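Coordinates in review
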Amino acid sequence: MKTLIKNIKELVQVEDNPKLKVCGKDMSELKTIKNAYLLIENDKIIDFGPMQSIEEFNSDKVVNATNRLVFPSFCDSHTHLVYAGSREIEYIDKIKGLSYEEIAERGGGILNSAKRLQETSEDELFEDAMKRLDEIISMGTGAVEIKSGYGLNTESEIKMLKVIKRLKENSPLTIKSNFLGAHGVPLEYRGRQGDFVDLVINEMIPQVAKDNLADFIDVFCDKGFFTVNETDRILTQGVKYGMRPKIHANELDYSGGIQIAVKHNALSCDHLEFVGDEEIECLKNSETMPTVLPGAAFFLNMRLSPVRKMMDAGLPVAMASDFNPGSSPSGNMQTIVTFACVNYRMTPQEAFNATTINSAYAMDLSKTHGSIARGKIANFYITKEIPSLEYMPYYYGINKVDKVFLNGKEY
Ligand code: NIG
Ligand code: FE
């Protein structure tokens, strides 16, 4: 089955020689072709180019994209989108001045979500998460990483990971799963956090690995959550069981999380509000993708990660939604691009690189996703009639995506 998309006003992020990630100054380059075509066969991109170079193609389906742009689908490399209920009351507490840590100390935050998740059936969690997946598909996401971490006991963590497995089997999105057993300390383990870490290491990780339920392993390594030493132990065990680390780090302090992520050759370390020269030095010459979550920083009204400083140092930067019920109740990657431009002063070109190819790298998918390249999976979207690429972040707050193709099929 061949599908031809023709008369594309601008085909964005084309690559003849695909790269696995884009670093530093190169992030400002985003190659496009004006008045272009895109040819796909089954689930793959097989060709693209300017309309005038098009040969007579025998395609089964033709889509006319006059006045519309085509982009590779967003890759959202950090979400917690399997959850039960919502937490708008805490959001009001935050408006009244309570900090994220204070809310957590009162049993709110992650513990609140954990209590609700423990009481919710696997089927219900699956149905709710499928709706969220449909929502993000309609806004242009084509691949997503989903974490556990609202279980906080072995049974519920396994339940979450089984839900993610079912999502993988039932959704057209490409999905990666991340085991985040160490997301918060359950109330019954207060004062003996080490015992909970032991539980994660000795009971949870082997069970998760036995059923092959996680691609990655995560820890919330930060002030008030898990220490560097605990993170070190958990990641050591995760790696032993075949899970590549991909962790939460330096959101609340210079926690040492970046250093420990790099030590374990993490695929990414995420949040990064607290990054200084030492952390930047550590990330250079590593394979770890610095990943910033602009939605969480916006929603918690936090200090911003020094993204420009990282790019000036030659580092790549990825961005993801952090879709979760507490700190970022939105999986809209178009808004993330707007935040990238407005709050972090990134150009739209840099912001698109951060939310496609670099975020694909951050979930080990950049060989097959994250740009328009021959042989890559045909995950892309056609916009509504819009004047330019820059209009995407500029005209914020509404969905500019019209048609979505995933695995070569219009969805
Ligand atoms: O990425 N930082 C840790 N975890 C989530 C928040 C989860 C929650 O508040 O429910 C985050 O922001
Ligand atoms: Fe997170």
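Structural data are supplied above this passage.
Right, let's walk through the structure included here. If you're wondering where the values come from, they're calculated on a predicted model, not measured in any experiment. (Residues numbered from 1 in each chain as written. Chains lettered and ligands numbered in written order. Predicted model: local features only at pLDDT ≥ 70, side-chain atom pairs only at ≥ 80, totals over all residues. Heavy atoms only, no water.)

**Focus: the pattern of salt bridges**
Applying the stated criterion to the full structure yields 25 salt bridges. Across the pair R166 and E122 runs a salt bridge whose closest N-O atoms are separated by 3.3 Å. Of this pair, R166 sits in helix 5 (residues 154-170) while E122 sits in helix 4 (residues 122-138), and the two are 44 residues apart along the sequence. The salt bridge partner of D198 is R233, with a shortest N-O separation of 2.7 Å. With D198 in helix 6 (residues 193-210) and R233 in helix 7 (residues 228-240), the pair connects residues that are 35 residues apart, well separated along the chain. Within the structure, one salt-bridge network assembled from shared partners comprises D16, K31, D47 and R374. (Salt bridge = Lys/Arg side-chain N within 4 Å of Asp/Glu carboxyl O. Helix = DSSP H or I, 4+ residues; strand = E, 2+ residues; numbered from the N terminus.)

**Notes on the site of ligand 1**
Around ligand 1, the structure places 15 residues, and the nearest of them are R87, Y150, H183, D322 and S327. Interatomic distance of 2.8 Å between a side-chain N/O atom of R87 and an oxygen atom of ligand 1. In this structure, D322 approaches ligand 1 through a side-chain N or O atom, which is 2.8 Å from an oxygen atom. Compared with its free state, where it exposes 330 Å², ligand 1 has 100% of that area covered by protein. (Near = heavy atom within 4 Å. Polar contact = N/O pair within 3.5 Å; in protein donor to acceptor, adjacent residues only side chain to side chain. Areas by Shrake-Rupley, 256 points an atom, 1.4 Å probe, with all protein chains shown as cover.)

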